[in-house]
Protein chains: 4
Amino acid sequence: MSNTPSSTPAGSGEFRALAEAIHAFVAEREWQPFHDPKNLAMAVAVEAAELMEHFRWCSSEQSRAVLADPRARPEIEHEVADVLILLIEFCSIAGIDPAAAVRAKLQLNAQRYPVALSKGHSRKYNDLQRPDSTTG
Amino acid sequence: MSNTPSSTPAGSGEFRALAEAIHAFVAEREWQPFHDPKNLAMAVAVEAAELMEHFRWCSSEQSRAVLADPRARPEIEHEVADVLILLIEFCSIAGIDPAAAVRAKLQLNAQRYPVALSKGHSRKYNDLQRPDSTTG
Amino acid sequence: MSNTPSSTPAGSGEFRALAEAIHAFVAEREWQPFHDPKNLAMAVAVEAAELMEHFRWCSSEQSRAVLADPRARPEIEHEVADVLILLIEFCSIAGIDPAAAVRAKLQLNAQRYPVALSKGHSRKYNDLQRPDSTTG
Amino acid sequence: MSNTPSSTPAGSGEFRALAEAIHAFVAEREWQPFHDPKNLAMAVAVEAAELMEHFRWCSSEQSRAVLADPRARPEIEHEVADVLILLIEFCSIAGIDPAAAVRAKLQLNAQRYPVALSKGHSRKYNDLQRPDSTTG
């Protein structure tokens, strides 16, 4: 059946191996009915917030020390993993090849953020001064 | 120098290749100063919310159709990629091997969510009825 | 001193009373140094995700029942309060009058979402078919 | 009918006035079917992330300057308003009195964060050293 959720992880190599491990975990527990795109996108955002929570009250400089804190570090690794697990599962459901999506987006970003215009600052692409810009 | 941000992506295979491509992209634009753990965790959460935005007002059932919408689909692929790019970059900065973190978390989840107790429902592990539970 | 954080809550009435109670709570604990706009915006997003977490795996229809669950309900009320506390504190720091901001945004939304074009669907304002639209 | 969505905003004063204005806006556009607790919690989180986006790459110190930026400021006010609008609407749907919820949570926080244990640092309440703590 073609649209059984999570039945055919897209992608290859490491991502595919992880997607299959996640798929087996989900299937054993019969959790597929909960794993529609809406719920998975919410779950990714919930886990991303849990990762962020560790850095909520520290400064950017202090945030490197948080990573080295022996109590926080394993939790941070688990939060990273949770985001990744749910994102890979989202990709399986959606038929998205995660590594291919990253490569395509890096190419788009290379056009949006030409080195000459982007160096050393963090302005968004639609705020960059371009030679052909009407706001230039 | 060992703690130059983003200098030594952890992990191997596909993740390492992506981490290196991201690192080169960031280095060319001299964006390393912005990429501390706090900022990257925020950025992951921002992109996760942009992914979620596509599914905000639809039902879970409709969310599969959203994925098939020719206008929404490429945007969804880009949002997935943005989350993944920033998460891989976070891992590079933090010295976390993403695939190893996923495998370790799946092992922990297998203990937290024994098949017999977890089948077919979505209760959180600390709400599962266990034989040895004092609330059982 | 003019830029003491949180010293002059904007707004009036109920919002001002809450802003002052929050301000006193923060000042007693000497937490002002943590309450810059960046940290508060992160904290609002963290609490918003905790509110969302309660509805992650249920359907839209089931989400009304979640609200009535005697275990979930008090937690949901606390999460709502956490978002509101941090948002009001953000407004105090930023000199934003929350109720005035809401009224101004409702006016803008009324322009962006004319009743005739918006009735019964959830398209974003830049996707609405307008008589003067070049994409119409 | 008692459980018509959004029909009876809880609360009083300013919050009630805003809840009624939001309710009228929603009703005119027949958007009530989209406004279940799950969708509204997602929408709150999406808007919270849009607020946060303005502070993603700046430092905590720079974030005060972002607030003063004439291009960013009106957008930040709109994002604050969007979070608040959706949170007030969530409260209307859920029968939560927002101001009462804030006062109840501040009382709970006062117990969780006694001044003597909380002054000048940002540790979470379950990490505070208490005289009666078994981990003390």
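Refer to the structure printed above.
A short tour of the structure in this document, coming up. (Residues numbered from 1 in each chain as written. Chains lettered and ligands numbered in written order. Predicted model: local features only at pLDDT ≥ 70, side-chain atom pairs only at ≥ 80, totals over all residues. Heavy atoms only, no water.)

So, the overall build of chain A
Across its full length, chain A carries six helices and zero strands. Walking chain A from its N terminus toward its C terminus, one meets helices and strands in the order α-α-α-α-α-α. Counting all 136 residues of chain A, 52% fall into the buried class. Of the contacts formed within chain A by residues at least 6 apart in sequence, a portion of 51% connects residues at least 24 apart. Just so you have it, chain A exposes about 5900 Å², and 52% of that area is on carbon and sulfur atoms. (Helix = DSSP H or I, 4+ residues; strand = E, 2+ residues; numbered from the N terminus. Buried < 20%, exposed > 50% of the residue type's maximum accessible area, 1.4 Å probe, protein only. Contact = heavy atoms within 4.5 Å. Areas by Shrake-Rupley, 256 points an atom, 1.4 Å probe, with all protein chains shown as cover.)

Details of the packing of aromatic side chains
Within the structure shown, the criterion is met by 18 aromatic pairs over all chains. Aromatic side chains W31(C) and Y113(D) sit 5.3 Å apart centroid to centroid with 85 degrees between the ring planes, which places their arrangement in the edge-to-face category. With W31(C) in the loop between α1 (13-28) and α2 (37-53) and Y113(D) in the loop between α5 (98-112) and α6 (115-118), the pair connects residues from two separate chains. No difference in accessibility class separates W31(C) from Y113(D), as the two residues are buried. Considering the side-chain rings of F25(D) and W31(D), the 5.8 Å spacing of their centres and the 65 degrees angle between planes classify their relative orientation as edge-to-face. W31(D) carries the same exposure label as F25(D), and that label is buried. Ring-pair connections join several aromatic residues into one group, and the members of that group are F25(A), W31(A), Y113(B) and Y125(B). (Phe/Tyr/Trp six-rings, centres within 6.5 Å; stacked < 30°, edge-to-face > 60°.)

What to know about the interface of chain C and chain D
Between chain C and chain D, the residue contacts involve 69 residues of the former and 69 residues of the latter. Taken together, chain C and chain D are joined by two salt bridges. Two residues, K105(D) and D82(C), come together in a salt bridge whose shortest N-O distance is 2.6 Å. On the surface where chain C and chain D come into contact, there are 29 residue pairs in polar contact (both at pLDDT 80 or more). Broken down by secondary-structure element, the contributors of at least two residues to the side of chain C that touches chain D are α1, α2, α3 (62-68), α4 (72-94), α5 (98-112) and α6 (115-118) of chain C. A per-element tally of the side of chain C that touches chain D places α4(C) first, with 15 residues. Here the residues of the side of chain C that touches chain D are counted per class, giving 41 nonpolar, 14 polar and 14 charged. (Salt bridge = Lys/Arg side-chain N within 4 Å of Asp/Glu carboxyl O. Polar contact = N/O pair within 3.5 Å; in protein donor to acceptor, adjacent residues only side chain to side chain. Nonpolar A, V, L, I, M, F, W, Y, C, P; charged D, E, K, R; others polar.)

A few points about the side chain of H35(A)
Here H35(A) is to be found in the loop between α1 (13-28) and α2 (37-53). The class of H35(A) is buried, set by a relative accessible area of 6%. Residues within four places of H35(A) in sequence aside, it is in contact with V26(A), L40(A), E89(A), I93(A), R64(B) and W57(C).

Here's the deal with the interface of chain A and chain B
Each side of the interface is counted separately: chain A has 69 residues, and chain B has 69 residues. In total, chain A and chain B occlude about 6200 Å² of area from one another, counting both sides; carbon and sulfur atoms represent 71% of this. Three residues stand out in chain A for area buried against chain B, namely E14(A), K38(A) and R64(A), and they jointly supply 11% of the buried area on that side. At the junction of chain A and chain B, the tally comes to 29 residue pairs in polar contact (both at pLDDT 80 or more). Elements with a contribution of two residues or more to the side of chain A that touches chain B: α1, α2, α3 (62-68), α4 (72-94), α5 (98-112) and α6 (115-118) of chain A. With 15 residues, the top contributor of residues to the side of chain A that touches chain B is α4(A). (Buried area = accessible area lost by both parts, 1.4 Å probe.)

A word on the nonpolar core
Core analysis: the biggest nonpolar cluster contains 180 residues, and F90(A), F90(B), F90(C) and F90(D) have the highest contact counts within it. Discounting residues that sit within four places of it in the chain, F90(A) has contacts with P37(A), L40(A), A41(A), I96(A), L51(B), F55(B), L67(B), I76(B) and V80(B). (Core = buried A, V, L, I, M, F, W, Y, C linked by side-chain atoms within 4.5 Å.)

A word on the relation of the copies chain A and chain B
The two copies are related by a screw operation: chain A maps onto chain B through 180 degrees of rotation and 0.0 Å of translation along the axis, at an RMSD of 0.0 Å. Taken together, the turn and the small shift mark the pair as related by a two-fold rotation axis. Comparing interface residues between copies, 100% of those in chain A also lie at the interface in chain B; the contact surface is shared. (Least-squares fit on C-alpha atoms with pLDDT ≥ 70 in both.)

Points about α4(C)
Residue and element names in this part refer to chain C. Helix length check: α4 (23 residues) gives 33 Å between terminal C-alpha atoms against 33 Å at 1.5 Å per residue, within 8%. Counting buried positions along α4 yields 18 of 23 residues, so the element is predominantly enclosed. Just downstream of α4, G95 is the residue with a positive phi angle, here 70 degrees. (Expected span 1.5 Å × (residues − 1).)

Focus on the relation of the copies chain C and chain D
Laying chain C over chain D is done by rotating through 180 degrees and shifting 0.0 Å along the axis; what remains is an RMSD of 0.0 Å. Comparing contact sets, 100% of the residues at the interface of chain C also lie at the interface in chain D, consistent with an isologous, same-surface contact.

Comments concerning the side chain of S63(B)
Here S63(B) lies in helix α3 (residues 62-68). Look past the residues within four positions of S63(B) in its chain and what remains in contact with it is D36(A), P37(A), K38(A), F55(B) and C58(B).

Some words on the pattern of salt bridges
Evaluated as defined, the whole model comprises 32 salt bridges over all chains. R16(C) is the salt-bridge partner of E20(C), the closest N and O atoms lying 3.2 Å from each other. Taken together, the positions of E20(C) and R16(C), both in helix α1 and four residues apart, correspond to about one turn of that helix. Take E20(C): its relative accessible area is 40%, and that puts it in the partly exposed class. The exposure class of R16(C) is partly exposed, given its relative accessible area of 33%. When the shortest N-O distance is used, the salt bridge between E77(D) and R73(D) registers 3.1 Å.

Let's talk about the environment of S59(D)
On the secondary structure map, S59(D) appears in the loop between α2 (37-53) and α3 (62-68). Sequence spacing of S59(D) and D36(D) is 23 residues, and the spatial spacing of their C-alpha atoms is 37 Å.

Structural notes on the packing of α2(A) against helix α2 (residues 37-53) of chain B
For the pair α2(A) and α2(B), interaxial distance at closest approach is 9 Å and the crossing angle is 165 degrees. Between α2(A) and α2(B), the angle falls in the class roughly antiparallel. Relative to α2(B), α2(A) is oriented so that their crossing is left-handed. Touching A41(A), M42(A), V44(A), A45(A), A48(A), L51(A) and M52(A) of α2(A) are A41(B), M42(B), V44(B), A45(B), A48(B), L51(B) and M52(B), all from α2(B). Among the residues forming the contact of α2(A) with α2(B), the class breakdown is 14 nonpolar, no polar and no charged. (Axes fitted to C-alpha atoms, helices over the stretch in contact; angles between N-to-C directions. Parallel < 35°, antiparallel > 145°, perpendicular 65-115°, else oblique. Left-handed = near helix turned anticlockwise from the far one by under 90°.)

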